[in-house]
Amino acid sequence: MTEDGSPQRLSFEPKLFANVAQKKAIPIAELYKQLKKLSKELNGLEQETVDTQSLDSVTRQLLAPSLLRHKESGVVAYVACCIADILRLYAPEAPYSDDEIKAVFNVFIDQLQMLGDSNSQFFPLREYLLTSLATVRTPALVAMLPDGEDIISRFFTSLFGVVNGNQPHNIQMQILDILQQLLEEPKTVPQDVIDVILLQFTKRRQADNPATHQLASDLANATADILQKYIYQYFNDVIVSAAQQRAGQRQQEAEGQRGRGGASDSLDDLKSAHYLILELNKSAPGTLLNVVPQLEEELGVDDVDIRVLATGVLGEMFAEKGFTLAKRYESTWKTWKGRRADSSPVVRVQWIEHAVSLYQHQPQLSRELNEFVVEKLCDVDDKVRQAACHSLGLLEMAAPVQAAIGESVVTALGDRCKDRKPAVRSEAIIALATIYSQVFEELEQGAAAAQAKWGSIPSTIFMLRYINDPDIDSKVESILTGAILNFAKIKDDRSRCQRLLVVFESLTAKARSGFFSYMRRQQDIIRLTDVFLGLCEKQGDGMAADQGAEQQQRLLAAKIAACFPDKAKVEAALMQLAGLHDAEVYGGLRQTMDPRNDIKAVRKHQKSSLKRLSGLAPSLLDTTAPLWKCVGLTTINRALVPFLIEHVSRGGKFVAAAEVLITYITGVFPEMVRSSSAELFDVAALQAADAVAVEERLALMVKFAKAVPRSVPRSSGLEDRLAAFVRSGSLRQAKYAAYLVTQMDGAQSLCAALTGDAVDDLDNRHAELRAPSFAALSRFAQYAPQAFSTYADRVSRFLVQSVLLAGDAAGGDEWVTREALGDAGVAKVYAVKILAAWLLGLERQALTRDGVQLVLGTLRQLVRNGGAMQEGGSACERQHLLLTAAACMLKLAAAGAHFEKALNTVDVLSLGLVVQSPCYEVRAAFLLGKLVPALVAQRIHVRYLPAVFLVAYEPEAAVRENVRHAVALRLAPLRPTPGSPSVVEECICRLLFVLANHPDWDDAQMLATVELFAPYIEFYIACVCLAQNVSLLFGYAGELKAYRCKGPGDSAATRRLWVLSELAQYLLREKSLAANWPVNVYPGRLTLPADIFEPLGEAEKSAVPRTPFLDPEFVSRRAKAPAAAKRARVKPAAAKQKAAAVKRKGKEPAHDDMDEDEDDIEMSSVAETDEDD
């Protein structure tokens, strides 16, 4: 309204045309002037107060084609702005017809398409036009047109085309407003519009122009209730069409017709549609109200590809929206969980991958899935198990994720480390190690919940060593230096040592054996590699090629390669490596396994030598790199030793773990400890008030001194302290101190003085106080023989007459530990040790017949009489003396050929019977702690091997399994010469000899005796016999009927041997039939041990082989008995062992509690005893 209250009128009378009748526009400059003036006045008019009749003339003139299609874009821009204002002033009615409105909106759209050019001088006019349309809601006019779909489609196409990230925010909001109006006003939305909107959610569009994706997201969220049905229809059309097309394609294939790619095209369409669903779920989930049930239906269709897509899409949607979506669509959530049991493994793989991802994205939802994840970790299909392991390894272990994963999942993942499929095992090992690396901080801090759930991971991994698979071993070694210890990311050695201790402290006893087994495996490979490199370097020095050296080189390459997964490939690569003759590569590899290098130096040499190798022979790099990594001494390293010693010295939480590790390092890699010997032999550490701590420190010193002889540093303080321990310390202190004194250079006089003091004190000391002195004397006798020799005769007579033959009170328990034995009993044990140590310490030339006979006679008497030197006495003392005497005889057998020759066949038989001692502790300690380790290390003759098979009646299954394990893995590979029968194969002859001379044999009850002895042979067969060697064993057994026994007994032993020969042949044939193995005549020549057999005479040789010796009744009974009943029944020897097992219930196997020279063999829990210090 004007000031007088009258309506506003348009005062401007534009002169837009030179000829009104012809609608010819005036010149450009004047036209711009007129349009600008008109636009300004129209802009100032208000809709509520304007007199629209004053606008009629201008309204009609602006529609002139010469203006709407003017060649000057600026003219058209002004005209569009003026028309927009006229529509604003006429609103809600329009002064134009439908056709005219179409023309006008096409002009509008043409102008809006140029909004992308913000540098144009007419950009403000187009911005004004956009604002006017958005504010006045002018696009609503299009909705009233009978055929306005094209205009609406043009609006969407054009406006999405001009949006970009550089535009002002208000322009984008106005575009959003206009597009929203165009969706809200019409009764129906054109399909082209839906297509344009969905196009903005495609991956390519998002990458090319994120602004259009954001605009589409905002628009979809604002109009979700409108778009729901259209989006549902869109996906329904695509999915139904694609499904029908795929069904038709399968029908054609079923009828033998060749399709034309329809199935693959339709699958691509399905993937694109499902991808759009995911994007809409992220940006505008409200539009999918009807689509989620559609996806639920897809979960149950016959088409596997569609089920895979639906399972994956819903899995991602649950990960995105989680709990809310699951509660809103409970039926869909339940159906989706059911896909874990889909008949197709591809669907199950898709399911488990997304189910595990819920731990990361929706921990509160994933708790429902723990049991299902465990189920898929045990799926029948290896690809599903592999996917489950791989997915768990991808998780980032934040606190909510740790809380969500159940302990059952961790346990099941650990079980998959032993999966029969290598790919599954690999993924499981990597996943466990990756998880452990991420949760280590909580474990280091001692969080109880973390310890309960994750603390067992290292044990699980190191227990894999018991599988003895090169593929697993190689993988474990790789992750040990990587995710478990993570030394590469730890910069200082103190922190590395701390991490090693945390890991090692968490290991179970069996896992620690596995850990040390991996270290020993590394040591074995280092040893082989060192010899291999020596041969390579000799060839590189220009030495003439030697056929024997080349054969040895190939043999070494094969042994090294056997430790890695792809044996043939690694072996070929090693031979190619040998042909390079490159000193830099060889030297670098040698330096990586040099125990004198610290971690930094090891890594430096690894990198430099591999870099050199990549330049010389790139094809060898991938194959040989695992060898470099395997032999690199980074897990156990010189740089860690000072900090381990520091932990041992100061005590604390990790003192026990540090002691075990430093003890191992000292024994295996003493060079690592040499540089820290000053800290190790610190006198202050021996002055602690804690006697046990002092003893442990002395034990560690002894370990190092044994590994590096004559390495104990000499100082007055250390000498005085050690001498005090010898004279007045505890048993362990005296024993260890005495040994350390013998390893000091220039300490001969001190050894002599201490030995003399101990000998002079023999008669003065009460029997109950002799043990420490005897323990020290046992060390001086062996390691300071010159000092001891002066008193040898006096001491030996005293020990036998005054100690071993001394009467004792009878009765008591059959077994007690050494500590509970009492000082008098312990003194007797060390009396035996002194006698044996005396012989072991002397040079062969210094041995006297009387001295040897005295010692051997005493040992024989103890072994053959069950530990007794005379009638009566304490039962537990006898058991300890028996065990000690048997162990000493083995030590003598291992000490040299002269002692081995002095031990006769009866001695061997007597030692074998110790394995069947009624006392479990004795037989277990002797068998697993002494005999088996000595055989494995090849320290004693193979004639002692048959004794290990006398455990057939052992009541403790663990002992039998340990023996079986040791035979199969440690003894079976041992061969006297390459290509010859193994020692366990040759052993069948010696075993039958031992059985022929066994005291349980009763000729008067031959049938019962044969049934009693059959299990021994069956146990041997179970341990040794294979399809490859059954003919050899059969040949050995048959050959015995051409020989007679030598040694103890008379012709009765020979006849027993022939019975056993036929029994062994019968049992081997029975085994072969059960296993479907052929038994052929062995083609090679068989040689029997000459020390126990001699050939028959010509007359006997022709008669004996044709004479049957095995009782036919035994054969008849075996033939009639079912397989389970063919095991021989327990007879006298077994009954004794069974009774002994009952007596020792709840006790542990015996071992020398006060000797620190006994370790565990890694893979069979068999104790491996070093030479007694």
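Thresholds, definitions, all that
Residue numbers run consecutively from 1 along every chain, following the written order of its sequence. Totals for whole chains, interfaces and linings use every residue, but because this is a predicted model, local features are given only for residues with pLDDT of at least 70 and side-chain atom pairs only at 80 or more, for both listing and counting. As a rule here, side-chain values cover all heavy atoms of the structure and leave hydrogens and water aside. What counts as a salt bridge is simple: a side-chain nitrogen of Lys or Arg found within 4 Å of a carboxyl oxygen of Asp or Glu. Segments assigned H or I by DSSP are reported as helices when at least four residues long, segments assigned E as strands when at least two residues long, and all are numbered from the N terminus. Burial classification: accessible surface area is computed with a 1.4 Å probe over protein chains only, and a residue below 20% of its type maximum counts as buried, one above 50% as exposed, and the rest as partly exposed. UniProt positions are given in the numbering used here, feature names are shortened, and annotations may be inferred rather than shown by experiment. Any two rings among Phe, Tyr and Trp, with Trp reduced to its six-membered ring, count as a pair given centres within 6.5 Å; such a pair is stacked if its planes are under 30 degrees apart, edge-to-face if over 60, and tilted if neither. Here, a charge over a ring means that NZ of Lys or CZ of Arg falls within 6 Å of the ring centre while also lying within 35 degrees of the ring normal. Here an angle of 0 to 180 degrees is reported between the N-to-C directions of two axes, which are lines fitted to C-alpha atoms, with helices fitted over the stretch in contact. To sort the angles, those under 35 degrees are grouped as roughly parallel, those over 145 as roughly antiparallel, those from 65 to 115 as roughly perpendicular, and the leftovers as oblique. By the definition used in this description, the sense in which the near helix is turned from the far one sets the handedness, with an anticlockwise turn below a right angle giving left-handed and a clockwise turn giving right-handed. Whether two residues are in contact is decided by their heavy atoms: any pair within 4.5 Å suffices. Residues were grouped as follows: Ala, Val, Leu, Ile, Met, Phe, Trp, Tyr, Cys and Pro as nonpolar; Asp, Glu, Lys and Arg as charged; and all remaining residues, including Gly, as polar. By definition, no residue in a patch forms a salt bridge, and every one has over 30% relative accessible area; like charges are joined within 9 Å, nonpolar side chains (Val, Leu, Ile, Met, Phe, Trp, Tyr) within 5 Å. What sets the accessible areas is the Shrake-Rupley method with a 1.4 Å probe; for residues, cover comes only from the shown protein chains. Positive charges come from Lys and Arg, negative ones from Asp and Glu, while His and the chain ends are left out of the count. Lys charges are placed at NZ, Arg charges at CZ, Asp charges at CG and Glu charges at CD. To estimate how far a helix should reach, multiply one less than its number of residues by 1.5 Å.

Chemist: It is not clear to me how the pattern of salt bridges should be interpreted in this structure. Could you clarify?
Modeler: Oppositely charged side chains are able to pair whenever their charged atoms sit close together. In total, this model carries 54 salt bridges according to the counting rule given. D1003 serves as the salt-bridge partner of R1056, at 3.1 Å between the closest nitrogen and oxygen. Of this pair, R1056 sits in helix α57 (residues 1051-1075) while D1003 sits in the loop between α54 (983-996) and α55 (1006-1024), and the two are 53 residues apart along the sequence. Given a relative accessible area of 38%, D1003 falls into the partly exposed group. Where salt bridges share partners, they join R340, R348, E375, K376 and D379 into one cluster.

Chemist: Sorry if this is basic, but what is going on with the UniProt feature "coiled-coil region" (unreviewed entry) in the protein here?
Modeler: The UniProt record marks residues 28-55 with the feature "coiled-coil region" (unreviewed entry), using the residue numbering of this structure. Span residues 28-55 is 61% helix and 0% strand, its end C-alpha atoms 23 Å apart.

Chemist: Teacher, can you tell me more about the packing of aromatic side chains here?
Modeler: Given two aromatic rings, one states the distance between the centres and the angle between the planes to describe the pair. In the structure shown here, the tally under the stated rule is 27 aromatic pairs. Each ring, one from F516 and one from Y664, has its centre 4.6 Å from the other, and the planes form 35°; the classification is tilted. Residue F516 is found in helix α30 (residues 509-540), and its partner Y664 is found in helix α37 (residues 655-668); the two are separated by 148 residues along the sequence. What makes Y664 buried here is its relative accessible area of 8%. Measuring from ring centre to ring centre gives 5.4 Å for Y953 and Y1016, while their planes differ by 85°; the resulting arrangement is edge-to-face. Separated by 63 residues along the polypeptide, Y953 in the loop between α52 (920-936) and α53 (957-971) and Y1016 in helix α55 bring together distant segments of the chain. Residue Y1016 is classed as buried on the basis of its relative accessible area of 1%. Among the aromatic residues, those joined into a ring-pair cluster are F462, F504, F515, F516, Y518 and Y664. Looking at R340, its charged tip hangs above the ring of F372, at a distance of 3.7 Å from the centre.

Chemist: Before we go on, may I ask you to explain the packing of helix α24 (residues 407-416) against helix α25 (residues 422-444) in this structure?
Modeler: Two packed helices can be described by the angle between their axes and the distance between those axes. Running from N to C, α24 and α25 point in directions that differ by 135°, and their axes come no closer than 8 Å. When the interaxial angle is binned, α24 and α25 end up oblique. Considering how the two elements wind past one another, α24 and α25 form a crossing that is left-handed. Counting all contacts with α24, which are made through V410, L413, G414 and R416, the residues of α25 involved are V424, R425, A428, A431, L432 and I435. Here the contact of α24 with α25 is built from residues that sort into seven nonpolar, one polar and two charged.

Chemist: Looking at this structure, how should I read a negative patch on the surface?
Modeler: A cluster of acidic residues, E149, D150, D192 and D195, forms a negative patch at the surface. Elements with a minimum of two residues in the negative patch: α8 (149-162) and α10 (191-199). Relative to the elements of secondary structure, E149 occurs in helix α8.

Chemist: Teacher, can you tell me more about helix α5 (residues 98-112) here?
Modeler: Residues separated by three or four positions in an α-helix point in the same direction, a consequence of the helix having 3.6 residues per turn. With 15 residues, α5 should reach 21 Å at 1.5 Å per residue; the first-to-last C-alpha distance of 21 Å fits that figure. If you check which residues of α5 are buried, you get I101, K102, V104, F105, V107, F108, I109, Q111 and L112. Along its buried surface, α5 packs onto α3 (65-68), α4 (73-90), α6 (123-136), α7 (140-143) and α8.

Chemist: Honestly, the packing of α8 against helix α9 (residues 169-184) in this entry has me stumped. Any pointers?
Modeler: It is at 11 Å that the axes of α8 and α9 come closest, and there the two elements cross at 160°. Judged on the interaxial angle alone, α9 and α8 are roughly antiparallel. Our pair here, α8 against α9, has a crossing hand that is left-handed. Packed against α8, whose contacting residues are I152, F155, F156, L159, F160 and V162, the element α9 presents I175, I178, L179, L182 and L183 at the interface. In the contact of α8 with α9, the residues fall into 11 nonpolar, no polar and no charged.

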